[in-house]
Amino acid sequence: MSSDAEIALSSNSWAFAEAKKLVDRYAKEAPSKGYVLFETGYGPSGLPHLGTFGEVARTSWVQHAFSLLSDIPTKLIAFSDDMDGLRKVPDNIPNPELLQANLEKPLTSVPDPFGTHNSFGEHNNARLIAFLDQFGFDYEFKSSTEAYKSGEFDETLKLVLEKYDQVINVILPTLGPERQATYSPFLPVCPRTGKVLQVPIIARDVDAATVTYNDPETGEEITVPVTGGHCKLQWKVDWAMRWHALEVDYEMAGKDLIDSVTLSSKIVRILGKQPPEGFNYELFLDAEGKKISKSKGNGITIEEWLTYASPESLALYMYQNPKKAKRLHFDVIPKAVDEYYTFLQKFPTLEPKQQFGNPVWHLHNGNPPVANMPISFGMLLNLAAVVNADEKSVLWGFITRYADGATPENNPELDQLVGYAIAYYRDFVKPAKKYRLPNEQETAAMKQLVELLKTADQHTPAGDIQNMVFKVGNDQGFENLRDWFKALYETLLGQSQGPRMGSFISLYGVEETIALIERVLAGEDLGAE
């Protein structure tokens, strides 16, 4: 193992800890297939959401970490379970009647309610592929329908039929008495209706590779092959079958699937192969703390996040603390943006061990760019709030004065951040603003602050201005200086939290801040603009 690899393993990176599992797995010899296979799964019963992105992104980071630790080639498969029967109509799609009329059919046989593809499954697959491509993932897309129908899974399906009793004995103890009486790992696709049937199997023929069931509507005895897409497996068995057929080495899953991982691992061992390595990440939650769902469409969509912030900020949010539940709501965006640039700025100053533990090493495949962001996203939001900005040029008028030499042309990344800030301010900050007038103590303090600011100018360091604000708070007898800063935020910005005032005043301008405070002292309602 190289010295870089040894240093990486001593870092606090969860991605390297995961990659080490695969190093140990193949410590004696490389896999016979010639590469290590990483897999992510997607159920296209609803539109892709950020949880889907998170799983692919996190897996790719483990894959890249492994590439530093080992010379064995790797491959990443994004697998779509598009042969699943549609169980219910999602809440967030048009023309729901189209889906209602095709319940229980494979997702690739259900009409596309958007009218852009041959099926609902294909539409959602296209959405998945588009966003994976947008983020530059190096992956192979694989469709369950195509894999079943092409015969790619046939040999393993025959093996499941051969090991039927052993497989079913793993599953049955986890089911209730009613379900035990009817359960079968094989779900025939009805030749008459095209539906994926959950029916008891009354006979099976290992030599002919067929199963027999009674049509639930006609009572007719039907025999179908288990191969060629005529049957689909129940998903826990399906998962194990896929691991076996594709020889998957690594797949992570949500915390809600821990029991399923355990069962599928037992089944793949029955089929004669080792289950993949992996770990269970915590779930993504919406604003109310509920699990995000493809069918409900709660939480943030990928498109929505990218309206207000960069792809890198989204990637950082997914990288950090994968074993901690995360809220996927709009209010997490500003912090994610600023944390990204903080990590990026620190990266060159770190020792190698710390660099391998810095998220931006993983986000940029070991080669993070040089940070060039003189103003935080939070500061831009506060500036937008004061000047009620709806155009980039308004904010740039302040930025060029604050950051010497910065222009939209020589710092396009900052220009893009300005655009994100205006969009976020317009949709989330502005509607929530609530100004108030200062009380007697706050009025006296603001008057003193005006007098102190009159002794400063645009070149006064932000730290000196911050000291002026602190001095006023102490002079005016605020028991808790937080109350003084909160008063400034609520009267000047219309919000209960805000920026470091010295930095904000330096950006907005000393004279402009004096004028703003004097408007408040004159009793003007800033929220009436």
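Each remark here, short or long, concerns the structure printed above.
Small disclaimer: the values here were computed from a predicted structure and weren't measured. Note that residues are indexed from 1 along each chain, following the sequence as it is written. Only residues with pLDDT of at least 70 get local features here, since the model is predicted, and only at 80 or more are side-chain atom pairs given and counted; chain-wide, interface and lining totals rely on the full set of residues. Computation of side-chain values: all heavy atoms of the structure, hydrogens and water removed.

### Here's the deal with the state of the cysteines
Inference 1: Criterion for a disulfide: a pair of cysteine sulfur atoms within 2.5 Å. All chains considered together, the criterion is met by zero disulfides.
Inference 2: Cysteine C190 shares no disulfide, and the gap to the nearest cysteine sulfur, in C231, comes to 11 Å.
Inference 3: For the exposure calls, accessible area comes from a 1.4 Å probe over protein chains only, and a residue counts as buried if that area is under 20% of its type's maximum, exposed if over 50%, partly exposed in between. C231 gets classed as buried once you look at its relative accessible area, which sits at 1%.

### Things to note about the pattern of salt bridges
Inference 1: Basic side-chain nitrogens of Lys or Arg form a salt bridge, by our definition, when they fall within 4 Å of a carboxyl oxygen of Asp or Glu. Throughout the structure, instances matching the rule amount to 31 salt bridges.
Inference 2: Taking the shortest distance from any N to any O, the salt bridge between E140 and K142 comes out at 3.7 Å.
Inference 3: Two residues, E512 and R401, come together in a salt bridge whose shortest N-O distance is 3.0 Å. Within this pair, whereas E512 is found in helix α24 (residues 510-521), its partner R401 is found in helix α18 (residues 392-402), the two being separated by 111 residues in sequence. Comment: elements are numbered from the N terminus, with helices defined as DSSP H or I runs of at least four residues and strands as E runs of at least two.

### Overview of the sheet that holds strand β2 (residues 74-80)
Inference 1: At least two DSSP bridges between two strands are needed for those strands to be called paired. Taken in spatial order, the three strands make up an open sheet running β1-β2-β3, and their pairing is parallel. Two strands close off the open sheet at either side, each with one partner strand: β1 (36-42) and β3 (140-143). Looking at each pair of strands side by side, their axes are set apart by 30 degrees on average, direction ignored.
Inference 2: Of the strand pairs in this sheet, β1 and β2 are connected by seven bridges, and their pairing is parallel. In the strand pairing of β2, V36 is matched with T74. Here an axis means a line fitted to C-alpha atoms, over the contact stretch when the element is a helix, while the angle between two N-to-C directions is reported on a 0 to 180 degree scale.

### So, the sheet that holds strand β5 (residues 203-205)
Inference 1: In space, the three strands of this open sheet follow the order β5-β6-β7, with antiparallel pairing throughout. Every interior strand has two partners, whereas the edge strands, β5 and β7 (221-225), have only one. Neighbour to neighbour, the strand axes of the sheet diverge by 20 degrees on average, direction disregarded.

### A short note on the packing of aromatic side chains
The geometry of an aromatic ring pair is captured by two quantities: the separation of the ring centres and the angle between the planes.
Inference 1: What counts as a ring pair is set by centres within 6.5 Å for rings of Phe, Tyr and Trp (its six-membered ring), and what kind of pair is set by the plane angle: stacked under 30 degrees, edge-to-face over 60, tilted for all other angles. Here the structure, examined in full by the defined rule, presents 28 aromatic pairs.
Inference 2: Residues F16 and F356 carry aromatic rings whose centres are separated by 5.8 Å and whose planes lie at 85 degrees to one another, so their mutual orientation is edge-to-face. Here F16, found in helix α2 (residues 14-25), pairs with F356, found in helix α15 (residues 352-357); they are 340 residues apart in sequence, far enough to count as distant.
Inference 3: Take F16: its relative accessible area is 1%, and that puts it in the buried class.
Inference 4: Aromatic pair F398 and Y508: ring centres 5.5 Å apart, planes at 25 degrees, arrangement stacked. Placement of the pair is F398 in helix α18 and Y508 in helix α23 (residues 501-508), with a sequence separation of 110 residues. Like Y508, F398 is buried.
Inference 5: Through successive ring pairs, a cluster of aromatic residues spans Y308, F330, F377, Y424 and F428.
Inference 6: A cation over a ring is seen here: K33 above Y35, with NZ or CZ 5.6 Å from the ring centre.
Inference 7: The ring of Y317 is capped by K326, whose NZ or CZ atom sits 4.4 Å from the centre of that ring. Throughout this description, the term charge over a ring refers to an Arg CZ or Lys NZ atom that lies within 6 Å of the ring centre and within 35 degrees of the ring normal.

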